[in-house]
Structure formats: structure tokens, C-alpha cells
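The lines below spell out each chain.
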Amino acid sequence: MFVLESKAQLEKAIAKAKKTRATVKFISFGVYAVSGSKGNFYTVKCEKIGNEKQVICECLGASKGLVCYHAASALSLHVGLAKQRQEPASR
Ligand SMILES: [Zn+2]
């Protein structure tokens, strides 16, 4: 699990996600399944707790506090969805 603290960190994560071609499956808003290196899937949760944006992945790297590519991939999708939600429907 890591806490998203800055825009730079987010941009770094998105850049990382673009390099890896992980498959991200949408489960629900804030919950995603991201493909791992062995064809398995990891569940990644993006949650806003108070003012903290937490990204939780169930893989080993994330449990050590690393920004794994699963979290990065899920996050890049999540950010796009969150943006759409914030924008008032124009049509
Ligand atoms: Zn992970």
C-alpha cells in the first residue's frame, strides 16, 4: 500500500504503467484487477480516506511499500475515471 502524495508521483506511476502492458480489468469504481507476470491477476484498490489517496495492491512488492506496476496501471485508469466523474455531463 502506498499513499499518493503528489502529482509528480502520480505522473511517474502513469509513465510506468504505459511501459508495462498489463491488462487492467474494471471491477467497480476504485477496484481493479491487474494482470501479473505469471498470468495471474492482482486486485488493486484505489481509495480516498480522508485527504489521503491510498493505493492498495495485494502483491508482495506493494506490501513492502513499493509502487508496483499493478498499482500504477490501476491508478492510471482510476484517475481517468475519476476525472470523468468530476466533470458535469455536457450532454
Ligand atoms: Zn502489485
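Residues numbered from 1 in each chain as written. Predicted model: local features only at pLDDT ≥ 70, side-chain atom pairs only at ≥ 80, totals over all residues. Heavy atoms only, no water.

Student: Which parts of the structure should I look at to understand helix H3 (residues 69-86)?
Tutor: Because an α-helix packs 3.6 residues into every turn, residues spaced three or four apart end up facing the same way. Spanning 18 residues, H3 covers 25 Å between terminal C-alpha atoms, matching the ideal 26 Å at 1.5 Å per step. Among the residues of H3, His-70, Ala-71, Ala-72, Ser-73, Ala-74, Leu-75, His-78, Val-79 and Ala-82 are the ones counted as buried. In this structure, the buried residues of H3 make contact with strand S1 (2-4), helix H1 (7-19), strand S2 (24-28), strand S3 (31-35), strand S4 (41-49) and strand S5 (52-57). (Helix = DSSP H or I, 4+ residues; strand = E, 2+ residues; numbered from the N terminus. Expected span 1.5 Å × (residues − 1). Buried < 20%, exposed > 50% of the residue type's maximum accessible area, 1.4 Å probe, protein only. Contact = heavy atoms within 4.5 Å.)

Student: Explanation requested: the coordination of the zinc ion in the structure shown.
Tutor: As a benchmark, a tetrahedral metal site with four donors has ideal angles of 109.5 degrees, while an octahedral site with six donors has ideal angles of 90 or 180 degrees. Bound to the zinc ion on the protein side are Cys-57 (SG), Cys-59 (SG), Cys-68 (SG) and His-70 (ND1), at distances that span 2.0 to 2.3 Å. Coordination at the zinc ion is tetrahedral, judged from the 4 donor atoms that bind it and the angles of 104 to 115° they form at the metal. You can call Cys-68 buried: its relative accessible area is 9%. (Donors = N, O, S within 2.8 Å, 3.2 Å for Na, K, Ca; no water. Tetrahedral: all angles 85-135°; square planar, octahedral: opposite > 155°, others 65-115°.)

Student: Help me understand the side chain of Ser-73, please; the structure alone is not making it clear to me.
Tutor: With respect to the secondary-structure elements, Ser-73 resides in helix H3. Beyond its immediate stretch of four places on either side in the chain, Ser-73 contacts Ala-17, Thr-20, Ala-22, Val-24 and Val-34.

Student: Before we go on, may I ask you to explain the pairing of S4 in this structure?
Tutor: In the case of a regular strand, side chains alternate between the two sheet surfaces. Where S3 lies against S4, 5 bridges are found, and the strand directions are antiparallel. Looking across to S4, one finds that Ser-35 is bridged to Phe-41. Turn length for the S3-S4 hairpin, with the two strands adjacent in sequence and antiparallel, is 5 residues, and the turn residue Gly-39 shows positive phi of about 80°. Across 6 bridges, the pairing between S4 and S5 is antiparallel. Residue pairing across strands places Glu-47 opposite Gln-54, the latter belonging to S5. Remark: 2 residues form the turn of the hairpin made by S4 and S5, two consecutive strands paired antiparallel; Gly-50 in that turn has positive phi of roughly 65°. (Pairing = 2+ DSSP bridges.)

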